[in-house]
Amino acid sequence: MKIQCLGILILAALSCGKNSDNNKDENTTAPLPGADQTSLEGYSLSPNRAFAAKIVWNNAPVAGSFDNSAEVYFLDPKGEPVSTSQLTRFHLYMASMGHPSIKENEMTFTQVDPGHWTVGRIYFSMGGSSGSWVVDLEAEVNGQADQVRVSIDHAVE
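Residues numbered from 1 in each chain as written. Predicted model: local features only at pLDDT ≥ 70, side-chain atom pairs only at ≥ 80, totals over all residues. Heavy atoms only, no water.

Q: I would appreciate a short explanation of the pattern of salt bridges in the present structure.
A: Counted by the stated rule, this structure contains four salt bridges. A salt bridge links R89 to E138, with the nearest nitrogen and oxygen atoms 3.8 Å apart. Placement of R89 in strand β4 (residues 85-94) and of E138 in strand β8 (residues 133-141) is noted, with a sequence separation of 49 residues between them. R89 gets classed as partly exposed once you look at its relative accessible area, which sits at 31%. For E138, a relative accessible area of 31% corresponds to the partly exposed category. (Salt bridge = Lys/Arg side-chain N within 4 Å of Asp/Glu carboxyl O. Helix = DSSP H or I, 4+ residues; strand = E, 2+ residues; numbered from the N terminus. Buried < 20%, exposed > 50% of the residue type's maximum accessible area, 1.4 Å probe, protein only.)

Structure below.
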């Protein structure tokens, strides 16, 4: 009986732990007071509320190809345009399978304007249904560094 109770306690303790990769997309929390809800629609708010980010795919993503590209847009937490941004990482992660993509170092980042970047040569190592892939963005916006997880709401063929 004691062994069973101990096993139950250990199992309960382990189930309370958090996996940081599974919780990164919980940053769609409410914007700061005064934020324009309509201007933040479709954006993900970073955990420290440094910025909001949105990814728009130029074409439907395809696995095994460097022809994938996307536009990354940043707003401040109130939904206003930003004065500066530096996109430092665009990390593909297949949340449904628990692994990153490969060839991240092949990606190109081009700044279009202060809150808009084009990311090219994005390589998906495998296909997946809508929501199975996410992007972990790291950026510095208006002088504040933060990260945000953005779900890819398109199937990757």
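Q: Which parts of the structure should I look at to understand the sheet that holds strand β3 (residues 68-75)?
A: Each strand in a sheet pairs with its neighbour through backbone hydrogen bonds, running either in the same direction (parallel) or in the opposite one (antiparallel). Read across the open sheet, the five strands follow the order β1-β2-β3-β7-β6; overall the sheet is antiparallel. Each edge of the open sheet is held by one strand with a lone partner, namely β1 (44-45) and β6 (108-113). (Pairing = 2+ DSSP bridges.)

Q: Got a minute to help me understand unusual backbone geometry in this structure?
A: Most of the time, phi is negative for any residue but glycine, and the peptide bond is trans. Of note in this structure, R121 is not a glycine but carries a positive phi near 55 degrees. Looking at the element boundaries, R121 is found in strand β7 (residues 116-122). If you check the backbone angles, N142 has positive phi at about 50 degrees while not being a glycine. Mapped onto the elements, N142 comes out in the loop between β8 and β9 (144-151).

Q: Help me understand the pairing of β3, please; the structure alone is not making it clear to me.
A: Residues in a regular strand project their side chains so that they alternate between the two faces of the sheet. For β3, the buried fraction is high: seven of the eight residues fall into the buried class. Pairing geometry for strand β2 (residues 52-57) and β3, over six bridges, is antiparallel. Among the inter-strand pairings, V56 is bridged to a residue of β3, identified as E71.

Q: What's the story with the environment of L75 in this structure? I'm lost.
A: Here L75 lies in strand β3. Note on L75: relative accessible area 12%, which makes it buried. When the C-alpha positions of L75 and S44 are compared, they lie 9.9 Å apart, and in sequence the two are 31 residues distant.

Q: Help me out: how do you make sense of the packing of aromatic side chains in this one?
A: One pair of aromatic rings is described through two measures. These are the centre distance and the angle between the planes. Scanning the model with the defined rule gives five aromatic pairs in all. With a centroid separation of 6.3 Å and 75 degrees between ring planes, the pair formed by W57 and F90 is classed as edge-to-face. You can see W57 sitting in strand β2 and its partner F90 sitting in strand β4, a full 33 residues away along the chain. Note on W57: relative accessible area 11%, which makes it buried. A relative accessible area of 0% means that F90 is categorised as buried. A ring pair is formed by F124 and W133, whose centres lie 5.2 Å apart and whose planes are at 80 degrees; its orientation type is edge-to-face. Looking at W133, the relative accessible area reads 0%, which means it is buried. In textbook terms, an aromatic cluster arises when at least three aromatic residues are bridged by ring pairs, as seen for W57, F90, F124 and W133. Directly above the aromatic system of Y123 lies the positively charged group of K103, at a separation of 4.6 Å from the ring centroid. (Phe/Tyr/Trp six-rings, centres within 6.5 Å; stacked < 30°, edge-to-face > 60°. Lys NZ or Arg CZ within 6 Å of the ring centre and 35° of its normal.)

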